[in-house]
Amino acid sequence: MDGSHQFARFGARTAALLDQWQQQNHRPLTAPAWLDTGGSGASLASVFVRDSDPGRTKRRMIIKLCSPDGDSSMEPGRLIAARRSLPNGDPSFPRDHLVEQLYDPMPVDDAWLMFQGFAGNDETMVTLSTVLRQRRMPGVAERITRSLLADWNPDEKSDGEMTAAAFVSELLDQRLEPAEPLAVWVRDKLNLGLETAWIRPGRANAAPLPNPVHLTGSCPLAERTLDYPIRGRAHGDLHPGNIMVPKEPDADIGRYVLIDLSRFDERALLARDPMHLLLCLVADFLPHMSDDARAELLDLLVGRDTPGLLIPQGLARTVDEVRSAPDGWLQQRTISGQWAGQWLLSMQACALMFTARVRYDARDRWWFFRLAAEAAGAYLRSVDAYEPGEAVLVPGPREAEPTAVEAVVVAGVKLPQQVAPPEAKPATGPAPDPVRIPGPSPAPMPLRESVVSAPEATGESLPDTAAGTFAAELPDTLPALLIDLGNTFADRLGELREYEAGSVTARTLGLVREQADRGQADLRTLLSSRHDTLGEEVRDRLDAVLGRLAHVTEVANTPGFSYEQPFFLRDLAHRALVVALGTLLGSTREAALSLQAGRTGQAGQATDPIRPEGARAPSG
């Protein structure tokens, strides 16, 4: 009996291999439940397996299709190493908190298909990603952090002293290589060299901070030495998608299981795992926070006094709980004074990891970069070594418009040609009007034509866009453009949600890219003519909209949408674009409210942003 259809979300090849595996081993798999991985490249399903071995009978099992990268190829061996590494010879932690390999892993092209189980065989376990907004989240994060140190590392160790710069560099690994995303983004978007020692992030009157990516030569961190870098067993990629917890809110929060041990290290720097988990939780809240709330959160993370009234209550509690979780473990050691500095240096390194991740928009990546700089500055102050030199102003990400040639490359080459599969269900309604252009627009026609050419290259066509009619329809005002942007991308978001997972067509992606590019050009045109008349907060809001429009274009260009890609990659790309559009709509709405407040001198109403004459009324 062919049961491959029940695992179609793994992709056709993997589903067929699983069907063959069941038949050859007489191990029927039933009742698959797909697990949220929190945006990682892996794909997880929880299933029942009925084994022909009398000693096993029936149990719940996790099937994992690893992400096809270098680390995932090491996961089967590192999982064995993690389970064999016993804290003080005690097997209880691996038994209770690490998955085990129930059956030998199976190669699938460049990845592995793994069959994993854990103690208790509890079918109610879910990934932590699914409970991020529950009231128990702060307590769960604290309990996991405390257990990772006290239970998994009662026998911590050190390899001897190292400089603070070497500490951060070890955590970053190869991320500062010239061709890596972090170095490219800092160089191209911030116009900042890796060798610049001191910066003023955001404003000319900002306090000087160490450039967090300057870790070589005579950088400030190279002159400080850590006497006892604390090492031990670490997961290496701890995020909510890699932690299984009980589904029930009132369940024992000490019952958790770590999955994906592909980066396990027995002698890792221990401050990384809890810090990376904490920043993952922060990143989930960040898109919904105002600039003032983000500033308070930054102060809270680096240990400065802050009222914290704008920070979501659950997030503030989570930060406090995770930060205090190691206290009991540290009190039993003479090295407790070493932890605070390593916590800040780990914050610097982990914040830079988030800066490098393209799934976050420019505004969020800039915030993480600033957090990295603030953490480095806080570390230097904590060791009485804050001695700033000449500082370079870094105003924030530069979102330069592409040239005509670059636009052709982005639109026609980066995204592989796609052919919609038979089961794809695109939206049936007519495509709404694209963003209208205020006239006259200074953008060169070759750029507009080259952007529109993307769907044409795949044999599809966009709706006719007569530029001459747009100028007559749209008043030359920022509020009108913001309303039009909101309506246009609300339509695009609704259309994307009509598709089945991973089945977005090239035509829809072409519309998204074309409208996001037009939106950027139009908004820049109006901003350049009114920049001096806008308040600082309004400019910041409008700059955030520009950054999110650029992020939408970036996400819509990802090769993961190609039907040549595995299903789980297409599904991840689909979900990422939905999130990017939702975040763009939130920023556009905030900008419209801020603009209204700036004109009236009062706070804008959350339910009725200003609607100038000539702007389309919101749909729905």
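Up top is the structure.
I will try to describe carefully the structure that is included in this document.

What counts and how
- Residues numbered from 1 in each chain as written.
- Predicted model: local features only at pLDDT ≥ 70, side-chain atom pairs only at ≥ 80, totals over all residues.
- Heavy atoms only, no water.
- Helix = DSSP H or I, 4+ residues; strand = E, 2+ residues; numbered from the N terminus.
- Contact = heavy atoms within 4.5 Å.
- Areas by Shrake-Rupley, 256 points an atom, 1.4 Å probe, with all protein chains shown as cover.
- Buried < 20%, exposed > 50% of the residue type's maximum accessible area, 1.4 Å probe, protein only.
- Pairing = 2+ DSSP bridges.
- Axes fitted to C-alpha atoms, helices over the stretch in contact; angles between N-to-C directions.
- 1 Å grid on protein atoms, 1.4 Å probe; cavity = no way out; pocket = protein on both sides within 12 Å on 5 of 7 lines; lining within 4 Å.
- Points joined across faces, edges and corners; volume = space filled by probe spheres on them.
- Nonpolar A, V, L, I, M, F, W, Y, C, P; charged D, E, K, R; others polar.
- Disulfide = S-S within 2.5 Å.
- Salt bridge = Lys/Arg side-chain N within 4 Å of Asp/Glu carboxyl O.
- Phe/Tyr/Trp six-rings, centres within 6.5 Å; stacked < 30°, edge-to-face > 60°.
- Lys NZ or Arg CZ within 6 Å of the ring centre and 35° of its normal.
- Expected span 1.5 Å × (residues − 1).
- Lys, Arg positive; Asp, Glu negative; His and termini not counted.

A closer look at the overall build of the chain
- Each helix and strand in the chain was counted, giving 19 helices and 15 strands.
- A fraction of 73% describes how many contacts in the chain between residues 6 or more apart in sequence connect residues 24 or more apart.
- Within the structure as shown, the chain displays about 26,500 Å² of accessible surface, and the carbon and sulfur contribution to it stands at 50%.

Focus on the pairing of strand 12 (residues 243–246)
- The side-chain alternation of strand 12 yields two buried faces, one formed by Ile243 and Val245 and the other by Met244 and Pro246.
- Bridging between strand 6 (residues 125–127) and strand 12 involves three bridges; their strand directions are antiparallel. Counted as the bridge partner of Met125 is Pro246 from strand 12.
- Summarising the sheet, strand 12 and strand 13 (residues 257–258) pair through two bridges and their orientation is antiparallel. Along strand 13, the bridge assignment pairs Met244 with Val257.

Considerations on the sheet that holds strand 5 (residues 111–117)
- Overall, antiparallel pairing links the five strands, which are arranged 1-2-3-5-4 in an open sheet. Each having just a single partner strand, strand 1 (29–35) and strand 4 (100–108) make up the two edges of the open sheet. With direction set aside, neighbouring strand axes in the sheet form an average angle of 25°.
- The strands touched by helix 1 (residues 12–25) within the sheet are strand 1, strand 3 (58–65), strand 4 and strand 5, with strand 4 carrying the most contacts at an inclination of about 130°.

Describing the layout of surface pockets
- Estimated volume of the second largest pocket: approximately 1,200 Å³.
- Within the residue set of the lining of the second largest pocket, elements represented by two or more residues are helix 8 (291–302), helix 12 (362–382) and helix 18 (536–556).
- Element by element, the count of residues in the lining of the second largest pocket is highest for helix 18, at nine residues.
- Tallied by class, the residues present in the lining of the second largest pocket amount to 13 nonpolar, six polar and 19 charged.

Description of unusual backbone geometry
- For Asp173, which is not glycine, the phi dihedral falls at a positive 60°.
- You can call Asp173 exposed: its relative accessible area is 54%.

With respect to the state of the cysteines
- One pass over the full model with this rule turns up zero disulfides.
- Take Cys280: it sits in no disulfide, and the sulfur closest to it among the cysteines is that of Cys350, at 8.6 Å.
- On the basis of relative accessible area, Cys280 is assigned to the buried category, the value being 14%.

As for the pattern of salt bridges
- Across all of its chains, the model carries 20 salt bridges by this definition.
- Between Asp361 and Arg548 there is a salt bridge, with the nearest N and O atoms lying 1.6 Å from each other. Residue Asp361 is located in the loop between helix 11 (336–355) and helix 12, and its partner Arg548 is located in helix 18; the two are separated by 187 residues in the primary sequence.
- Here Arg548 falls in the buried class, since its relative accessible area comes to 2%.
- A salt bridge links Asp364 to Arg548; the nearest nitrogen and oxygen atoms lie 3.8 Å apart. Of this pair, Asp364 sits in helix 12 while Arg548 is found in helix 18, placing the two residues 184 residues apart along the sequence.

As for the packing of aromatic side chains
- Evaluated as defined, the whole model comprises 14 aromatic pairs.
- Aromatic pair Phe7 and Phe10: ring centres 6.2 Å apart, planes at 20°, arrangement stacked. The same class applies to Phe7 and to Phe10, which are both buried.
- Seen in terms of ring centroids, Trp366 and Phe369 are 6.0 Å apart; in terms of plane orientation they differ by 15°. Their pairing is stacked. A residue pair is termed a helical-turn pair when its members lie 3 or 4 positions apart in one helix, as Trp366 and Phe369 do in helix 12 at three residues. Of the two residues, Trp366 and Phe369, both sit in the buried class.
- Cation over ring: Arg381 sits above Tyr386, and NZ or CZ is 4.0 Å from the ring centre.

Some details on empty space enclosed by the protein
- Following the criterion strictly, the structure yields two cavities of 30 Å³ or more and no others.
- Lining the largest cavity, in full, are Leu148, Leu149, Trp152, Asn153, Arg233, Ala234, Leu270, Asp273 and Pro274.
- Listed by contribution, the elements that provide at least two residues to the lining of the largest cavity are helix 4 (137–150), strand 11 (231–234) and helix 7 (272–285).
- Of the residues assigned to the lining of the largest cavity, the class counts are six nonpolar, one polar and two charged.

Let's talk about helix 18
- A rise of 1.5 Å per residue sets the reference length of helix 18, with its 21 residues, at 30 Å; its end C-alpha atoms lie 30 Å apart and thus fit the reference within 8%.
- Of all 21 residues in helix 18, 15 are buried; the element is thus mostly enclosed.

Concerning the side chain of Lys157
- Tracing the backbone shows Lys157 in the loop between helix 4 and strand 7 (162–163).
- Among buried charged residues, Lys157 stands out as having no salt bridge; its nearest opposite-charge side chain is Asp155, 4.9 Å away.
- Those residues in contact with Lys157 that lie beyond four places of it in its chain are Tyr228, Pro229, Ile230, Arg231, Gly232, Glu266 and Arg267.

Re the sheet that holds strand 15 (residues 391–394)
- Strand order in this open sheet of three strands is 9-8-15, and the pairing throughout is mixed. Each edge of the open sheet is held by one strand with a lone partner, namely strand 9 (209–210) and strand 15.
- Alignment of strand 8 (residues 198–201) against strand 15, held across four bridges, turns out to be parallel. Opposite Ile199, over in strand 15, you have Val392 as the bridge partner.

By themselves, these are just geometric observations and shouldn't be taken as functional.
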